[in-house]
Structures are given as structure tokens and as C-alpha cells.
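Coordinates in review
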Amino acid sequence: MDMNRVKQILSSPGNVRVEYHGVSVWIESCDEGNGIANVHDITNPDETVEVKVAELEEI
């Protein structure tokens, strides 16, 4: 995925399905300068991790 799409998803009022290595995730925020997004597994909202935006996949 690219950073522009991540920003679109963040500003979207709807739910967009996104996966990180086959796990459904929710994007919390992004760091455009570093190409990083903060995401959490939709089944575990208490644990947020930083991942490379390029490793996210819209499904």
C-alpha cells in the first residue's frame, strides 16, 4: 500500500479492510516522513504496533 492510500483510509468515514501479513488490522495513524503506520489487530485493540506502510494490503 502507499502512503496516499493510508491517508485516504484514515480520513474515510467507512471501514476499509486492511491486512498486515494476513492479519486484519485497523490503522490508527501514520508517519508520512518515515513510511510507518501504527496499527492494531482488530481482535486486540490494546496492542498497537508500528509497521511499514508498504507491507499493508487492502482487501
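The preceding data block contains the structure.
The paragraphs below set out a description of the structure included in this document. (Residues numbered from 1 in each chain as written. Predicted model: local features only at pLDDT ≥ 70, side-chain atom pairs only at ≥ 80, totals over all residues. Heavy atoms only, no water.)

**Here's the deal with the pattern of salt bridges**
A complete count under the given rule lists 2 salt bridges for this structure. We note a salt bridge from Arg5 to Glu58, for which the minimum N-O separation is 2.8 Å. Of this pair, Arg5 sits in helix α1 (residues 3–11) while Glu58 sits in strand β5 (residues 56–58), and the two are 53 residues apart along the sequence. Note on Arg5: relative accessible area 25%, which makes it partly exposed. Residue classification places Glu58 among the partly exposed residues on the basis of a relative accessible area of 37%. (Salt bridge = Lys/Arg side-chain N within 4 Å of Asp/Glu carboxyl O. Helix = DSSP H or I, 4+ residues; strand = E, 2+ residues; numbered from the N terminus. Buried < 20%, exposed > 50% of the residue type's maximum accessible area, 1.4 Å probe, protein only.)

**Some remarks on the nonpolar core**
Core analysis: the biggest nonpolar cluster contains 12 residues, these being Met3, Val6, Ile9, Val16, Val18, Val25, Ile27, Ala37, Val39, Val51, Val53 and Leu56. Those elements giving two or more residues to this core turn out to be α1, β2 (23–31) and β3 (36–41). In terms of residues, this core owes the most to one element, α1, which gives 3 residues. (Core = buried A, V, L, I, M, F, W, Y, C linked by side-chain atoms within 4.5 Å.)

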